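Structural description and commentary
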Amino acid sequence: MSAPPKEFSSGQPTQDVAEGLRPIFIVGVPRSGTTLLRVLLNRHPNIAICDETYFFFWVYSRRRVFGSLEKEANRRRLVEAYLQTWRATRLGLDHERLADRLLREGTSYRALFASLMRAYAQSHSKERTGEKTPQHAEHVETLREWFPDGSIVHVVRDPRDVVASLHEMPWGHTSTAANAKLWVRLVTAARRIEGLPACPTVRYEDLVENTESSLDALCRILGEPFDSAMLSEEAQENPDRPWFQRAYQPVSRSRIGLWKKDLSERQARIVEWIAGPLMAAYGYEANLPPASARLKAAARLHNGAEICQRKFTGLPRIWNRWLSPRDLSAEEARIDGRHFDGTVRSP
């Protein structure tokens, strides 16, 4: 990991770079197809959406610690801390130039986020910018307030398939109930802006079964002309984690219904019990016998045991955050940046 420069140029703050910005945000539950949509949109000649910054987790949630960014000293501390994280490094931007830019433009948390996204788009010689962090579904109202001319795209997928995929992830829960509750929580959060202009919902199944028509409809909502380059199978970047690889491969329907072979009937019944009413709202039919009282009790017990275990193993990270809340890279190392997705706090 390359460290940011020790000295930042102290140029005069510029006007708020967030004004007039029309970013595209992609949110949803992890393993729902958010990366796939980002890959497809980034093939558009006018769109460059940066990958998972976890801006709200690493930056905005600590605004009381770093203080007002109108003060240059606070901006310096925050920029230096954030640029030492793996999350910032993986954006592939020149740290010295980025540090200088953020120091000049990031006079508020909104402006700092806008400046980061603009820097990414300009590094790819594109006009339209955006960001993809699935868990930013919990911050859609703030995103809407900050960027009223922007778009927030909610990607939703059959919760049974999501849970089956999460079970494969090194950072996922082992508890079926916990993974199903994650789906419910993030989908419920994203629904708070459902129906607002330029805030469409895209079903993963529609995206992979009818890619061209789905992208054409989405582009109309985003105010961009459809471009056939989005259907190209040529890779523009390489995934830096194994669980992202499929998103960079040719679009395939093979992952639809994977739960039928990857989940046991007991696991699928647990998902339908927890997500049933909400999954029906998106056209996903629950077709198994209802979970029995005994199965529900067992699922609650497993979920509770995992919560206790994760709280215990997460104590070093929590302790680090209390003692040194500005030392982002140290906390990230505690979490283990290779597996961190912003939801699961692995030690």
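Residues numbered from 1 in each chain as written. Predicted model: local features only at pLDDT ≥ 70, side-chain atom pairs only at ≥ 80, totals over all residues. Heavy atoms only, no water.

Here we come to the packing of aromatic side chains. Under the counting rule described, the total for this entry stands at 13 aromatic pairs. Taken together, the ring pairs connect F25, F55, F56, Y60, Y109, F113, W146 and F147 into an aromatic cluster. One residue, R62, lies across the ring of F57, its end atom 5.6 Å from the ring centre. Stacked on the ring of Y60, the Lys or Arg R63 has its end atom at 3.9 Å from the ring centre. (Phe/Tyr/Trp six-rings, centres within 6.5 Å; stacked < 30°, edge-to-face > 60°. Lys NZ or Arg CZ within 6 Å of the ring centre and 35° of its normal.)

Turning our eyes to something else, we now look at the pattern of salt bridges. Summed over the entire model, instances satisfying the criterion amount to 21 salt bridges. Linking E72 and R76 is a salt bridge whose minimum nitrogen-to-oxygen distance equals 2.8 Å. In this pair, E72 and R76 both sit in helix 4 (residues 72–82), 4 residues apart, roughly one turn of the helix. The structure contains a network of salt bridges with shared partners spanning D51, E52, R87, R90 and K132. (Salt bridge = Lys/Arg side-chain N within 4 Å of Asp/Glu carboxyl O. Helix = DSSP H or I, 4+ residues; strand = E, 2+ residues; numbered from the N terminus.)

So, on to the packing of helix 9 (residues 159–166) against helix 10 (residues 176–190). Packed helix pairs are specified by the crossing angle of their axes together with the interaxial distance, meaning the distance between the axes. Between helix 9 and helix 10, the shortest axis-to-axis distance is 9 Å and the interhelical angle comes to 125 degrees. When the axes of helix 9 and helix 10 are compared, the pair comes out oblique. The handedness of the crossing between helix 9 and helix 10 is right-handed. Between helix 9 and helix 10, the residues in contact are P159, V162, V163 and L166 and T176, N179, A180, L182 and W183, respectively. By residue class, the composition of the contact of helix 9 with helix 10 is 7 nonpolar, 2 polar and no charged. (Axes fitted to C-alpha atoms, helices over the stretch in contact; angles between N-to-C directions. Parallel < 35°, antiparallel > 145°, perpendicular 65-115°, else oblique. Left-handed = near helix turned anticlockwise from the far one by under 90°. Contact = heavy atoms within 4.5 Å. Nonpolar A, V, L, I, M, F, W, Y, C, P; charged D, E, K, R; others polar.)

Phi angles above zero are rare outside glycine, and S125 is one such case at about 55 degrees. With respect to the helices and strands, S125 occurs in the loop between helix 7 (109–123) and strand 3 (128–132). With a phi close to 60 degrees, A198 is a non-glycine residue in the positive phi region. Following the sequence through the fold, A198 ends up in the loop between helix 10 and strand 5 (201–203).

On their own, these measurements won't tell you what the molecule is for.
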